[in-house]
Amino acid sequence: MSSWISEAAHGYGNTIEVTGELFRCESKFQKIEIYETAKLGRLLLLDGIIQLTYSDEFAYHEMMANLPFYAHLNPRRALVIGGGDGGVLRELGRHPELEVLDICEIDAEVIRAAREFLPQTACGFDDPRVVIHIADGSEFVRGRIGYYDIIIVDSTDPAGPGEPLFNADFYAGLRQALRPGGVIATQAESPFLLPDVVGRLNRIARQVFRRVGYASIQVPTYPTGMIGACVASDEVDVWQPARPVEPELAGQLRYYTTRLHSAAFAVPAFVGRLFDGGRG
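Residues numbered from 1 in each chain as written. Predicted model: local features only at pLDDT ≥ 70, side-chain atom pairs only at ≥ 80, totals over all residues. Heavy atoms only, no water.

A. Representation of the overall build of the chain. Counting its regular elements, the chain contains 10 helices and 12 strands. At 17 Å, the chain has a C-alpha radius of gyration in line with the 19 Å of a compact globule built from 280 residues. Taking the principal axes of the C-alpha coordinates as reference, the chain spans close to 55 × 45 × 40 Å. For the chain, with 280 residues in total, the buried portion stands at 59%. Taking the intrachain contacts of the chain between residues at least 6 apart in sequence as the baseline, contacts between residues at least 24 apart amount to 66%. Per element, the accessible surface of the chain, about 11,500 Å² overall, is 51% carbon and sulfur. Across the chain, the centroid of the 26 positively charged side chains sits 5 Å from that of the 36 negatively charged ones. (Helix = DSSP H or I, 4+ residues; strand = E, 2+ residues; numbered from the N terminus. Rg over C-alpha atoms; globule rule 2.2 N^0.38 Å. Buried < 20%, exposed > 50% of the residue type's maximum accessible area, 1.4 Å probe, protein only. Contact = heavy atoms within 4.5 Å. Areas by Shrake-Rupley, 256 points an atom, 1.4 Å probe, with all protein chains shown as cover. Lys, Arg positive; Asp, Glu negative; His and termini not counted. Charge placed at Lys NZ, Arg CZ, Asp CG, Glu CD.)

This is the structure we're talking about:
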């Protein structure tokens, strides 16, 4: 028999029909739940907050991986912070140019649960280039000075284990961990849901990096139907792809395109005002 579960936070909520519980545990850091749903495929929640559904996870993961990848001129080393479901790794794994593919996830239980119950995304861990580091991402980057070409922060909301990934010290650490020409992309929330957080993250990024953009990603099962990525670099114009998608890969992608890369950085007037008049 089916039932309904709801995510309710920050004055918003989503309710999804589920047909069965596949996994539930309380890890050292958070509550992890995985369900089968009636219409959306499998569903992952962390501390009651929707992280993905099979129906639309491709939109978020393709953009988080490919915005920094194609903004960079010649990426060879990539790091994912968070992302224990494996979706960003899956998308990065489509690029044979990458020689280093590291992931730093604080909660090993998320990875274990995903590998057993979320094969659609956790297949990203099957890439032989992937090296898993179970650690706090804010501490991990301090030991990788000048090492990565792209760093992707696929974090939860700014609470619990994700909270340290939303402050100025962390962004400074990301910058130090980049090689020249490096690019970061961080989960940057929805301006409809958390406008104060969106504005603060953008200001922090602009204090640390010379070129910063906020890209919108449409994800229907997230509250407000969208989420943002903060993409930043010292040396490249992140809102313009440095090269087009390879024709053989373009046919595999369902969301990211070269044209969409640039278009995603065009923001509504109220979002631009959150950035104190800076470029959105």
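There's more to say after this.
B. Highlighting the side chain of Q187. Summarising the element assignment, Q187 is placed in strand β10 (residues 178-187). Taking relative accessible area as the criterion, Q187 reaches 3% and is therefore assigned buried. Side-chain polar atoms of Q187 contact the backbone oxygen of S155, separated by 3.2 Å. Each residue touching Q187, except ones within four places of it in the same chain, is listed here: Y60, M64, V153, S155, T156, D157, F166, L201, I227 and G228. (Polar contact = N/O pair within 3.5 Å; in protein donor to acceptor, adjacent residues only side chain to side chain.)

C. Structural context of the sheet that holds strand β11 (residues 211-218). Strand order in the open sheet formed by 7 strands is β8-β7-β6-β9-β10-β12-β11, with mixed pairing between adjacent strands. Of all the strands in the sheet, the pair left with one neighbour each is β8 (130-134) and β11. Direction aside, the axes of adjacent strands within the sheet are offset by 15° on average. Pairing of β10 with strand β12 (residues 226-233) involves 5 bridges; the strand directions are antiparallel. Within the sheet, the bridge partner assigned to A185 lies in β12 and is V231. Of the strands in this sheet, β6 (77-82), β9 (148-154), β10 and β12 are in contact with helix α6 (residues 168-177), which crosses β10 at around 145°. Relative to β11, helix α7 (residues 195-208) is tilted by about 150°, and along the sheet it contacts β10, β11 and β12. (Pairing = 2+ DSSP bridges. Axes fitted to C-alpha atoms, helices over the stretch in contact; angles between N-to-C directions.)

D. Seen up close, the sheet that holds strand β5 (residues 49-53). Spatial strand order, β1-β2-β3-β4-β5: 5 strands in an open sheet with antiparallel pairing. The open sheet has two free edges, formed respectively by β1 (3-9) and β5, since each of these has just one partner strand. Neighbour to neighbour, the strand axes of the sheet diverge by 50° on average, direction disregarded. One ladder, built from 5 bridges, connects strand β3 (residues 31-37) with strand β4 (residues 42-46); its direction is antiparallel. The residue of β4 that forms the bridge with I32 is L46. Strands β2 (12-26), β3 and β4 of the sheet are contacted by helix α3 (residues 108-117), whose axis makes an angle of about 15° with β3.

E. Structural context of the packing of α6 against α7. Packing of α6 against α7 leaves a shortest axis separation of 9 Å and a crossing angle of 40°. Between α6 and α7, the angle is such that the two are oblique. In this structure, α6 crosses over α7, and the sense of that crossing is right-handed. Contacts between α6 and α7 involve A168, Y171, A172 and R175 from the former and L201, I204, A205 and V208 from the latter. Of the residues assigned to the contact of α6 with α7, the class counts are 7 nonpolar, no polar and 1 charged. (Parallel < 35°, antiparallel > 145°, perpendicular 65-115°, else oblique. Left-handed = near helix turned anticlockwise from the far one by under 90°. Nonpolar A, V, L, I, M, F, W, Y, C, P; charged D, E, K, R; others polar.)

F. Focus on a nonpolar patch on the surface. Residues Y12, F192 and F270 make up a contiguous nonpolar surface patch of about 280 Å² in total accessible area. Among the structural elements, Y12 can be located in strand β2. Y12 sits in the partly exposed class, given a relative accessible area of 36%. (Patch = residues over 30% accessible without salt bridge, like charges linked within 9 Å, V, L, I, M, F, W, Y side chains within 5 Å. Salt bridge = Lys/Arg side-chain N within 4 Å of Asp/Glu carboxyl O.)

G. The arrangement of the packing of aromatic side chains in detail. Evaluation of the coordinates by the stated rule reveals 8 aromatic pairs. With a centroid separation of 5.5 Å and 10° between ring planes, the pair formed by Y70 and Y256 is classed as stacked. Residue Y70 is found in helix α1 (residues 57-71), and its partner Y256 is found in the loop between α8 (247-250) and α9 (258-263); the two are separated by 186 residues along the sequence. Each member of the pair, Y70 as well as Y256, carries the same accessibility label: buried. With centroids separated by 6.2 Å and ring planes inclined at 90°, the aromatic side chains of F170 and Y171 adopt a geometry described as edge-to-face. With respect to burial, F170 and Y171 carry one shared label: buried. An aromatic cluster is present here, built from F69, Y70 and Y256 joined pairwise through their rings. Sitting over the face of the ring of Y147, R77 holds its NZ or CZ atom 4.4 Å from the ring centroid. We note R254 situated over the ring of F58; from NZ or CZ to the ring centre the distance is 3.8 Å. (Phe/Tyr/Trp six-rings, centres within 6.5 Å; stacked < 30°, edge-to-face > 60°. Lys NZ or Arg CZ within 6 Å of the ring centre and 35° of its normal.)

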